[in-house]
Amino acid sequence: MTVLRLPVPYDVPWIAWYLSAHAVPGVERWENGRYACAVRTVDGPDVLSLDFTAHEGEVVVASARTGHPEKPLLSRIRALLDLGADARAVAAHLSRDPTLAPAVNVAPGLRVPGALDGWDLLLRTMVGQQISLAAARTHLARLAAALGEPVEDLRLMPSPAVVAEQGDGVLTGPRSRIAAVVAAAVAVADGSLHLSPTREPAALHAELLALRGVGPWTATYVTMRLTGDPDRLLATDLVVRQGAELLGTDLSQAQRWSPYRSYATMHLWRAALACRSTHTGPFGNDSVSEGRSEAPDARGVGLHP
């Protein structure tokens, strides 16, 4: 096991909600503050576990195969938890806006969740377009059960090559969305789309927009989480807009939050979700996704995960 120390400030409830709310049955597991997921590594499939309950300010990380996750996997975990962010600098900058300051003061350590795997992130985002978070988990669980490789008691999400070849017969929902997911899988499988956290954000965003069925919301969301770009605002997102309305802030003036608009997005999401009357966790209602765009894109596929 490896112990990762959480920097101060760090909003554990937010990251815990994010992991638990998005956990796909059979692929991930969230139980009493402990998260487990099937992952691909350079040495083969593994099951990764993160325990947020052992000691305050720490996360205990373990690999089912080796016990101690190796350095490349630890780097991916650090990205998932956004451990490299300078939360104090973010909070100080965003607090200069008096309309956003109350939200920042409540959660000064709010992070932007990263991603363990670029293809996994894109697949989840596209499958979840224009459906609820709960429905997305159901669709993804069905896909993994049919095409995913078993690892211990979990399954990997199917690889892009497998989805490119067999996804059309397993994916359900609008034909436009299925075709878009399969086309994205082909692009990743043949190397024409490289999903790496080291990509230059603007270049990745442009390549994502060129994909069939990917609009500005999805391209921005995937770029923000995969590359860790701190300055992406989901301005068309309905929940972000609800948060802005609650706080009395003006999204048309969001440039004032730069270079930390990704964190402003998280604060607006959190503010809106925390105000919902029906809760399945510390934030939000399971019947909707954490972000929702107001309309599908021109290709007929929605812009939100």
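It should be emphasised that the depicted structure is a prediction, and the values quoted were computed from it without experimental measurement. (Residues numbered from 1 in each chain as written. Predicted model: local features only at pLDDT ≥ 70, side-chain atom pairs only at ≥ 80, totals over all residues. Heavy atoms only, no water.)

A. How the structure looks around the overall build of the protein. Counting secondary structure elements, the protein contains 12 helices and 7 strands. By the compact-globule yardstick of 19 Å for 305 residues, the protein fits well, its C-alpha radius of gyration being 18 Å. Judged by the C-alpha coordinates and their principal axes, the protein covers about 50 × 50 × 40 Å. Within the protein, the fraction of its 305 residues that count as buried is 56%. Of the accessible surface of the protein, which amounts to about 12500 Å², a share of 54% is contributed by carbon and sulfur atoms. (Helix = DSSP H or I, 4+ residues; strand = E, 2+ residues; numbered from the N terminus. Rg over C-alpha atoms; globule rule 2.2 N^0.38 Å. Buried < 20%, exposed > 50% of the residue type's maximum accessible area, 1.4 Å probe, protein only. Areas by Shrake-Rupley, 256 points an atom, 1.4 Å probe, with all protein chains shown as cover.)

B. Fine view of the nonpolar core. Leu 94, Leu 122, Leu 193, Leu 195, Leu 208, Trp 257 and Trp 269 are the most contacted members of the largest nonpolar core, which totals 67 residues. Per-element accounting of this core gives the leading share, 8 residues, to helix 8 (residues 175-189). Not counting residues up to four positions away in its chain, the partners in contact with Leu 122 are Ala 184, Leu 193, Leu 195, Leu 208, Leu 211 and Val 222. In terms of nonpolar packing, the next biggest core, distinct from the first, is built from 20 residues, Leu 6, Phe 52, Val 61 and Leu 81 among them. (Core = buried A, V, L, I, M, F, W, Y, C linked by side-chain atoms within 4.5 Å. Contact = heavy atoms within 4.5 Å.)

C. Fine view of the pattern of salt bridges. Applying the stated criterion across every chain, the model contains 12 salt bridges. Between Asp 11 and Arg 270 there is a salt bridge, with its nearest N and O atoms 3.9 Å apart. With Asp 11 in the loop between strand 1 (2-5) and helix 1 (12-22) and Arg 270 in helix 12 (residues 261-274), this residue pair connects regions lying 259 residues apart in the sequence. The closest approach of N and O atoms between Arg 34 and Asp 51, which form a salt bridge, is 3.3 Å. Placement of the pair is Arg 34 in strand 3 (residues 34-41) and Asp 51 in strand 4 (residues 44-51), with a sequence separation of 17 residues. For Arg 34, a relative accessible area of 42% gives the class partly exposed. What makes Asp 51 buried here is its relative accessible area of 18%. Within this structure, Glu 28, Asp 120 and Arg 124 form a network of salt bridges that share partners. (Salt bridge = Lys/Arg side-chain N within 4 Å of Asp/Glu carboxyl O.)

D. Fine view of helix 9 (residues 201-209). For helix 9, the set of buried residues is Pro 201, Leu 204, His 205 and Leu 208. Down the axis of helix 9, the sector holding all buried residues measures 100°, keeping them to one side. Those residues of helix 9 that are buried lie in contact with helix 5 (118-127) and helix 10 (216-227). (Arc of directions from axis to C-beta.)

E. Main features of the sheet that holds strand 1. Reading across the sheet, the 5 strands line up as 1-5-4-3-2 and stay open at both edges, with antiparallel pairing between neighbours. Because the sheet does not close on itself, it has two edges, and the strands there are strand 1 and strand 2 (28-31). Adjacent strand axes in the sheet meet at a mean angle of 25° when their direction is disregarded. Across 8 bridges, the pairing between strand 3 and strand 4 is antiparallel. Across the sheet, Arg 40 pairs through a bridge with Pro 45, a residue of strand 4. (Pairing = 2+ DSSP bridges. Axes fitted to C-alpha atoms, helices over the stretch in contact; angles between N-to-C directions.)

F. Representation of helix 3 (residues 87-94) within the structure. Those residues of helix 3 that fall on the buried side of the exposure criterion are Ala 87, Val 90, Ala 91, His 93 and Leu 94. The buried side chains of helix 3 occupy one side of the element, clustering within an arc of 165° when seen end-on. At its buried positions, helix 3 is contacted by helix 4 (101-106) and helix 12.

G. Looking closely at the pairing of strand 1. Residues of strand 1 alternate between two faces, with Thr 2 and Leu 4 buried on one and Val 3 and Arg 5 left unburied on the opposite face. In this sheet, strand 5 (residues 58-63) lies alongside strand 1 in antiparallel orientation, the contact comprising 4 bridges. Following the sheet pairing, Leu 4 is matched in strand 5 by Val 59.

H. Main features of the packing of helix 5 against helix 10. Where helix 5 contacts helix 10, the two axes come as close as 10 Å, and the packing angle between them is 150°. As summarised for this structure, helix 5 and helix 10 are arranged roughly antiparallel, according to the angle between their axes. When the axes of helix 5 and helix 10 are compared, the crossing they make is right-handed. Within the contact between the two elements, helix 5 uses Gly 118, Leu 121, Leu 122 and Thr 125 and helix 10 uses Thr 218, Tyr 221, Val 222, Arg 225 and Leu 226. For the contact of helix 5 with helix 10, the residue count by class is 5 nonpolar, 3 polar and 1 charged. (Parallel < 35°, antiparallel > 145°, perpendicular 65-115°, else oblique. Left-handed = near helix turned anticlockwise from the far one by under 90°. Nonpolar A, V, L, I, M, F, W, Y, C, P; charged D, E, K, R; others polar.)

I. Highlighting the packing of aromatic side chains. Tallied over the full model, the rule gives 8 aromatic pairs. The rings of Trp 14, Trp 17 and Tyr 18 are connected pair by pair, giving a single aromatic cluster. (Phe/Tyr/Trp six-rings, centres within 6.5 Å; stacked < 30°, edge-to-face > 60°.)

J. Up close: unusual backbone geometry. For the bond from Val 8 to Pro 9, the omega torsion is -5°, close enough to zero to count as cis. When you line up the elements, Pro 9 lands in the loop between strand 1 and helix 1. Put simply, Ser 258 and Pro 259 share a cis peptide bond, and its omega is 15°. With respect to the element layout, Pro 259 can be found in the loop between helix 11 (238-247) and helix 12. A positive phi angle is found at Asp 82, which is not glycine, with a value near 55°. Considering the arrangement of structural elements, one finds Asp 82 in the loop between helix 2 (71-80) and helix 3. With a phi angle near 60°, Gln 130 is a residue other than glycine that sits in the positive phi range. Mapped onto the elements of the fold, Gln 130 is located in the loop between helix 5 and helix 6 (133-147).

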